[in-house]
Amino acid sequence: ITIDTNRNPINLYDIFPEYSDSKGPGNALGFQYYNGPKVTLLASKTSQRYRLQSDNFESLALVTWQLVERMKANFANDKNPEKFKVSFTGSLPLHEFFELIDAHFNIRLVQEELHDKVRQEAEQYRAIQRRLLTRFKDKTPSPLLSLDAILDTTHSQIMGLADKIKKNEEALARAANALSCGTSVLLLLLRLNMNLNESEFHILEATLSPIVIDSRDQGWEELTDAAITHLLRSCLAKSAKDQAVNLPPLKLPSDTQKLKKHIAMMCDRLSKGGKLAFENANVAINGLPDVVVSDPSERLPDGYPSKSVIQNDSSLAMNNSNGNHDIQTNSTVSSKSLPPMYESEHRDSVLPPLSTSNGLGNLDPRLASALQSSES
């Protein structure tokens, strides 16, 4: 990955002071993660560029983000009248990103196959148990016909599948972490390439979320595909035909071809000037939509008491009680605190009136008579 700036390259030890004890000219740094991957950071001597290299695409996430943020902090108080700018002009690493998607998706497929095998073996195990119980309850003994051996074999297979599921879940967690890091790298490069503002980047981050949460009902692939499809049919739509596209079902797909196609289409339309903007875009920074709760009193029907009226009534009740906060069970509800549907001749009653004395007036006569007879 090559990052462009509008400032001359600086000494890398100035923005990474924790490595200043290392000996070197300051135009190259090497990082190694605890699990093995290595990342190399190079500062050009002749151009205003920085290059990051690694054998693993997902390993570039942390170092790339740190480089960009630390350079912004370093040049924040720069006296240069031109504002510091970071950009990315290379081609997006979609091929490497798609490899992470395929690796994560294939592990999910293996997980589903293992769960299906466990379900089949469990059904066989219960069927053998029923046959054995039937033979044991029989007064006349009959041969087991090796059912006990089959039961032991089925049990061993179930335990073996459980061990495989546990190992596969660990592999799925590692693949999810790699996909999350790869998504973070792609989001940063898209932001630098398209020069997205905060609002546009929040929408993009909510659509192509770096938060990878998998469950048997819904996974990252189908959720991301549905979110990107919504963008392609709304703010990134080219024509009315694009707006008529239906959202895909939220279930495990057979492959990732459609998802990768939609990601490539989204990146292409953004590169051609597409804008990520909605009329009401309430999107959180962490990639999840904000839940905006408005004042409930604003949606109440006409005549319903407002919040201020309720507060005034409650304060008057507290003042009249002279410090006694016991609940008055014989108090009546005033007409001010009743919605219009209850404003009738019974507006001073605590509960809405019943149609008849026994409450069965609105029922079918045969059903009402049956209920009366059952009560008697």
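Residues numbered from 1 in each chain as written. Predicted model: local features only at pLDDT ≥ 70, side-chain atom pairs only at ≥ 80, totals over all residues. Heavy atoms only, no water.

Looking at helix α8 (residues 257-271)
Then step 1. Here α8 contains 15 residues, and its C-alpha end-to-end distance of 21 Å stays within 8% of the 21 Å for a straight helix at 1.5 Å per residue.
Then step 2. Residues of α8 that are buried include every one of Leu-259, Lys-260, His-262, Ile-263, Met-266, Cys-267, Arg-269 and Leu-270, and no others.
Then step 3. Positive phi shows up at Gly-273, right after α8, with a value of about 105 degrees. (Helix = DSSP H or I, 4+ residues; strand = E, 2+ residues; numbered from the N terminus. Expected span 1.5 Å × (residues − 1). Buried < 20%, exposed > 50% of the residue type's maximum accessible area, 1.4 Å probe, protein only.)

Focus: the pattern of salt bridges
Then step 1. Within the structure shown, the criterion is met by 9 salt bridges.
Then step 2. The residue Glu-123 makes a salt bridge to Arg-119 at a minimum N-O spacing of 3.5 Å. One end of the pair, Glu-123, and the other, Arg-119, are both in helix α3 (residues 94-137), 4 residues apart, so they sit about a helical turn from each other.
Then step 3. The exposure class assigned to Arg-119 is partly exposed, which follows from its relative accessible area of 43%.
Then step 4. Here Lys-272 makes a salt bridge to Asp-268, at a shortest N to O gap of 3.3 Å.
Then step 5. Classification of Lys-272 by relative accessible area gives exposed; the value is 61%.
Then step 6. Each member of the salt-bridge network shares a partner with another, and the members are Arg-108, Glu-221 and Glu-222. (Salt bridge = Lys/Arg side-chain N within 4 Å of Asp/Glu carboxyl O.)

Some points on the packing of aromatic side chains
Then step 1. Summed over all chains, the structure comprises 5 aromatic pairs.
Then step 2. The interplanar angle of 50 degrees and the centroid separation of 6.5 Å between the aromatic rings of Phe-16 and Tyr-19 together place this pair among those described as tilted.
Then step 3. Judged by relative accessible area, Tyr-19 falls into the partly exposed class, the value being 34%.
Then step 4. Considering the side-chain rings of Tyr-19 and Phe-31, the 5.4 Å spacing of their centres and the 85 degrees angle between planes classify their relative orientation as edge-to-face. (Phe/Tyr/Trp six-rings, centres within 6.5 Å; stacked < 30°, edge-to-face > 60°.)

Remarks on the sheet that holds strand β1 (residues 2-5)
Sheets are built from strands paired through backbone hydrogen bonds, the pairs being either parallel or antiparallel.
Then step 1. Spatial ordering of the open sheet is given by β2-β3-β4-β1-β5, a layout of 5 strands whose pairing is antiparallel. Each edge of the sheet is formed by a strand with only one pairing partner; in this case those strands are β2 (28-32) and β5 (86-87).
Then step 2. Sheet topology note: the β1/β5 ladder contains 2 bridges and is antiparallel. Looking at the pairing, Asp-4 lines up with Ser-87 of β5.
Then step 3. Docked against the sheet, helix α2 (residues 60-74) engages β1, β2, β3 (38-43), β4 (49-54) and β5, running at close to 165 degrees with respect to β4. (Pairing = 2+ DSSP bridges. Contact = heavy atoms within 4.5 Å. Axes fitted to C-alpha atoms, helices over the stretch in contact; angles between N-to-C directions.)

Here we look at the pairing of β4
The side chains of a regular strand alternate, residue by residue, between the two faces of the sheet.
Then step 1. Where β1 lies against β4, 3 bridges are found, and the strand directions are antiparallel. Residue pairing in the sheet places Ile-3 in a bridge with Tyr-50 of β4.
Then step 2. With 5 bridges joining them, β3 and β4 adopt antiparallel strand pairing. Bridge assignment links Ala-43 to a residue of β4, and that residue is Tyr-50.
Then step 3. Counting the residues between successive antiparallel strands, the hairpin from β3 to β4 contains 5 residues.

Observations concerning unusual backbone geometry
Then step 1. For Ser-146, which is not a glycine, the phi torsion comes out positive at approximately 65 degrees.
Then step 2. Looking at where Ser-146 falls in the secondary structure, it is placed in the loop between α3 and α4 (147-194).
Then step 3. A positive phi angle, near 55 degrees, is found at Asn-195, a position not held by glycine.
Then step 4. Tracing the backbone through its elements, the reader meets Asn-195 in the loop between α4 and α5 (198-207).

Section: the environment of Asn-74
Then step 1. By secondary structure assignment, the location of Asn-74 is in helix α2.
Then step 2. Residue classification places Asn-74 among the partly exposed positions, given a relative accessible area of 38%.
Then step 3. In contact with Asn-74, not counting residues within four places along its chain, are Ile-10 and Ile-15.

Re the packing of α3 against α8
Then step 1. The geometry of α3 relative to α8 is characterised by a closest axis approach of 11 Å and an angle of 150 degrees between their N-to-C directions. For the element pair α3 / α8, the angle class is roughly antiparallel. In this structure, α3 crosses over α8, and the sense of that crossing is right-handed. The residues of α8 that touch α3, namely those facing Leu-94, Phe-97, Phe-98, Ile-101 and Asp-102, are Leu-259, Lys-260, Ile-263, Ala-264 and Cys-267.
Then step 2. For the contact of α3 with α8, the class distribution of residues is 8 nonpolar, no polar and 2 charged. (Parallel < 35°, antiparallel > 145°, perpendicular 65-115°, else oblique. Left-handed = near helix turned anticlockwise from the far one by under 90°. Nonpolar A, V, L, I, M, F, W, Y, C, P; charged D, E, K, R; others polar.)

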